[in-house]
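# Architecture at a glance
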Amino acid sequence: MSYPFNARSGPILVDAEISGPAGTSGATLVLDTGATTSTINTSVLRLVGYDPDSSTDLVPMTIGTGVMTVPRIMLNRLSALGQHQIGLRVLAHDLPMAAAVDGLLGVDFLRDKVLTIDYRAGSITLIR
């Protein structure tokens, strides 16, 4: 199944669903093939029942200004582009408010799948 995106401007935005111990929430993520690990804003993680502040799994994350340590959270499930991943470990980090998105969908979610981005048609597909 193909999903539309605006091929004329801005990043590719993907609708996602994040499941946690307290329920599920919709999220808008930027498709980022340069990100090795998916990143979700802490407010979304808290909404579905995760507590990033109590995570003991802390990992380095490279950002534009250097390296910082952030919590890594194992999700019950992340669904996007018709695919579901159980037990995906994501970084808990807030993107700038100006980004107006809930996180990044990284290569860890795309791995072992076939990603097709058709800019001419403005469509994206992800299949196993």
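Residues numbered from 1 in each chain as written. Predicted model: local features only at pLDDT ≥ 70, side-chain atom pairs only at ≥ 80, totals over all residues. Heavy atoms only, no water.

## Here we look at the overall build of the protein
The secondary structure content of the protein amounts to two helices and twelve strands. Secondary structure elements in the protein, listed N-terminal to C-terminal, are β-β-β-β-α-β-β-β-β-β-β-α-β-β. For the protein, the C-alpha radius of gyration of 14 Å lies close to 14 Å, the compact-globule estimate for 128 residues. In terms of principal-axis extent, the alpha carbons of the protein reach across some 45 × 35 × 25 Å. Looking at the 128 residues of the protein, the share that counts as buried comes to 44%. (Helix = DSSP H or I, 4+ residues; strand = E, 2+ residues; numbered from the N terminus. Rg over C-alpha atoms; globule rule 2.2 N^0.38 Å. Buried < 20%, exposed > 50% of the residue type's maximum accessible area, 1.4 Å probe, protein only.)

## So, the nonpolar core
Ranked by internal contacts, the top residues of the largest apolar core, which has 26 residues, are Ile18, Leu45, Leu75, Leu78, Leu105 and Phe109. Listed by contribution, the elements that provide at least two residues to this core are strand S2 (13–20), strand S3 (23–31), helix H1 (42–47), strand S7 (77–80), strand S9 (89–92), helix H2 (107–110) and strand S12 (123–127). Residues contacting isoleucine 18, with those up to four places away along its chain left out, are Gly23, Thr24, Ser25, Ala27, Ile40, Val44, Val48, Leu75, Arg77 and Leu78. (Core = buried A, V, L, I, M, F, W, Y, C linked by side-chain atoms within 4.5 Å. Contact = heavy atoms within 4.5 Å.)

## Quick word on the environment of threonine 62
With respect to the secondary-structure elements, threonine 62 resides in strand S5 (residues 58–63). Looking at threonine 62, the relative accessible area reads 65%, which means it is exposed. A sequence separation of 27 residues divides threonine 62 from alanine 35, and the C-alpha atoms of the two residues are 9.8 Å apart.

## Focus: the packing of aromatic side chains
All told, the structure shown has one aromatic pair when counted by the stated rule. Relative to tyrosine 119, the ring of phenylalanine 5 lies with its centre 5.3 Å away and its plane at 90 degrees, an arrangement referred to as edge-to-face. With phenylalanine 5 in the loop between strand S1 (2–4) and S2 and tyrosine 119 in the loop between strand S11 (114–118) and S12, this residue pair connects regions lying 114 residues apart in the sequence. Look at phenylalanine 5 and you get buried, because its relative accessible area is 10%. A cation sits over an aromatic face here: lysine 113 above phenylalanine 109, 5.0 Å from the ring centre. (Phe/Tyr/Trp six-rings, centres within 6.5 Å; stacked < 30°, edge-to-face > 60°. Lys NZ or Arg CZ within 6 Å of the ring centre and 35° of its normal.)

## A short note on the sheet that holds S12
In spatial order, the strands read S1-S12-S11; together these three strands make up an open sheet with antiparallel pairing. In this open sheet, the two edge strands, each paired with only one partner strand, are S1 and S11. The average undirected angle you get between the axes of adjacent strands in this sheet is 20 degrees. With five bridges joining them, S11 and S12 adopt antiparallel strand pairing. Looking across to S12, one finds that leucine 115 is bridged to leucine 126. (Pairing = 2+ DSSP bridges. Axes fitted to C-alpha atoms, helices over the stretch in contact; angles between N-to-C directions.)

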